[in-house]
Amino acid sequence: ELAAAAQERLSTAGRRALSRLDFGSAARLLERAAALGPASEVDLSLETDLIDALTGTNINEALRRARSVSERSAAADDRVGQLCGRIHEAVLRISVEPAGAADALEALVVEALPVFEAAGDELALRIAYRALGSVANMRAHMDRMAAAYEQAAAYSAPAGGTALVGYQGHARFHGSTPGTELLAWLDEQDPREQRTYWLRTFRMTALAMLGRIDEGRALLDELRAELIERGARTVLAQIAAQELGAP
């Protein structure tokens, strides 16, 4: 009971860190939580969020973890868990070995979806549709990407929610959604989501593209000041590419 309580506390803290995209803290906390579980069991919910956290810090470790999920699930005769582990690994392969990776991932999801639907496993279905979003992103099919991530978000699942709204925003921003509709969609999102780096970046850029330069610049200055205070150098470098052009 003590171990279970400690695991719950660590999982909650790790997911809180993951929700604010603090991948390093999330990975450390979730790894500690996973270590407290029975070695013979695979907690797919916890493993999914841990893989998401590791993806932001150490992609090779994320790949190792995904393979482990697949292998341990196969040993336990858990077909759903095995397929989810394989999907997690195939998504990561897009970043490290992109040649042919999108086609392989799509084929795997097509194989897995009937299994997940028959099981009624909403977390597995979320994982599958997130993967289809990755496939669409790789192919620059932005409207399909938005639809896939929206479908993933529609499932009631305890995990796998990392940046789902951010990916939808990315797809809408780079897809066919008009600027005014993008701003309206951003306004509809949860206030906590609206404060994320990605959504504020899409908002300030859309404002500038619509000629609302002062509003966009004000958001940029606010975001830059926050990132400097947090020492988030990597994110600062990322927004440098999206400067509004004014000195």
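In the block above lies the structure referred to throughout.
Described below are features of the structure shown in this document. Worth saying up front: this structure is predicted, and the values here are computed from it rather than measured.

## Observations concerning the overall build of the protein chain
- Of the regular secondary structure elements, the protein chain holds 14 helices and 0 strands.
- Over its C-alpha trace the protein chain gives a radius of gyration of 19 Å, about what one expects of a compact globule, namely 18 Å for 247 residues.
- In the protein chain, which comprises 247 residues, the proportion classed as buried is 43%.
- Considering only intrachain contacts with a sequence separation of at least 6, the fraction spanning at least 24 residues in the protein chain is 56%.
- A total accessible area of about 12500 Å² is found for the protein chain, and carbon and sulfur atoms account for 51% of it.
- Positive and negative side-chain charges of the protein chain, numbering 27 and 35 respectively, have mean locations separated by a distance of 5 Å.

## Some remarks on helix α13 (residues 213–230)
- Between the first and last C-alpha of α13 there are 26 Å, a value that for 18 residues agrees with the 26 Å anticipated at 1.5 Å per step.
- Along α13, the residues that are buried comprise Gly216, Leu219, Leu220, Leu223 and Leu227. Each buried residue of α13 sits inside an arc of 100° when the element is viewed along its axis, so together they form one side. Across α13 from its buried face, at more than 90 degrees, point the exposed residues Asp214, Ile228 and Glu229.

## Overview of the packing of helix α7 (residues 122–138) against helix α8 (residues 142–154)
- Their axes nearest at 8 Å, the elements α7 and α8 cross at an angle of 170°. Accordingly, the angle class assigned to the pair α7 and α8 is roughly antiparallel. Relative to α8, α7 is oriented so that their crossing is left-handed. From α7, Arg126, Tyr129, Arg130, Leu132, Gly133, Ser134, Ala136 and Asn137 reach across to α8, where they touch Met142, Arg144, Met145, Ala148, Tyr149, Gln151, Ala152 and Ala153.
- The class makeup of the residues in the contact of α7 with α8 is 9 nonpolar, 4 polar and 3 charged.

## Points about the pattern of salt bridges
- In the structure shown here, the tally under the stated rule is 23 salt bridges.
- The salt bridge involving Arg172 is made with Glu150; its shortest N-O contact spans 2.5 Å. One end of the pair, Arg172, is in helix α9 (residues 164–174); the other, Glu150, is in helix α8, with 22 residues separating them in the sequence.
- The buried category is assigned to Arg172, whose relative accessible area is 19%.
- Across the salt bridge formed by Arg217 and Asp214, the nearest N and O atoms sit 3.3 Å from each other. A residue pair is termed a helical-turn pair when its members lie 3 or 4 positions apart in one helix, as Arg217 and Asp214 do in helix α13 at 3 residues.
- Residue Arg217 is classed as partly exposed on the basis of its relative accessible area, which comes to 26%.
- Bridged by salt links that share partners, the residues Arg67, Glu89, Arg93 and Glu97 form one connected network.

## Looking at helix α3 (residues 44–55)
- Across its 12 residues, α3 extends 16 Å between first and last C-alpha, which sits within 8% of the 16 Å expected from 1.5 Å per residue.
- With 11 of its 12 residues buried, α3 lies for the most part within the structure.
- Turning to α3, its buried residues are Leu44, Ser45, Leu46, Glu47, Thr48, Asp49, Leu50, Ile51, Asp52, Ala53 and Leu54.
- Buried positions along α3 lie against α1 (2–19), α2 (23–35), α4 (59–75), α5 (79–96) and α7.

## Points about the side chain of Ser134
- In this fold, Ser134 is placed in helix α7.
- When sequence neighbours within four positions are dropped, the list of residues in contact with Ser134 reads Val91, Ile94, Leu105 and Tyr149.

## Quick notes on the nonpolar core
- With 52 residues, the main nonpolar core has Cys84, Ile87, Leu105, Val109 and Phe116 as its most contacted residues.
- Considering each element in turn, this core owes the most residues, 9 residues, to α7.
- When near neighbours in sequence (up to four residues on either side) are disregarded, Cys84 contacts Leu44, Phe116, Ala124 and Ile127.
- If you look at the next biggest cluster of nonpolar residues, it comprises 12 residues, including Leu183, Phe202, Met204 and Leu219.

## Regarding unusual backbone geometry
- Positive phi outside glycine occurs at Ala140, with the angle close to 60°.
- Its identity as a non-glycine residue notwithstanding, Ala163 has a phi of 60°, on the positive side.
- Following the sequence through the fold, Ala163 ends up in the loop between α8 and α9.

Parameters and conventions
- Residues numbered from 1 in each chain as written.
- Predicted model: local features only at pLDDT ≥ 70, side-chain atom pairs only at ≥ 80, totals over all residues.
- Heavy atoms only, no water.
- Helix = DSSP H or I, 4+ residues; strand = E, 2+ residues; numbered from the N terminus.
- Rg over C-alpha atoms; globule rule 2.2 N^0.38 Å.
- Buried < 20%, exposed > 50% of the residue type's maximum accessible area, 1.4 Å probe, protein only.
- Contact = heavy atoms within 4.5 Å.
- Areas by Shrake-Rupley, 256 points an atom, 1.4 Å probe, with all protein chains shown as cover.
- Lys, Arg positive; Asp, Glu negative; His and termini not counted.
- Charge placed at Lys NZ, Arg CZ, Asp CG, Glu CD.
- Expected span 1.5 Å × (residues − 1).
- Arc of directions from axis to C-beta.
- Axes fitted to C-alpha atoms, helices over the stretch in contact; angles between N-to-C directions.
- Parallel < 35°, antiparallel > 145°, perpendicular 65-115°, else oblique.
- Left-handed = near helix turned anticlockwise from the far one by under 90°.
- Nonpolar A, V, L, I, M, F, W, Y, C, P; charged D, E, K, R; others polar.
- Salt bridge = Lys/Arg side-chain N within 4 Å of Asp/Glu carboxyl O.
- Core = buried A, V, L, I, M, F, W, Y, C linked by side-chain atoms within 4.5 Å.

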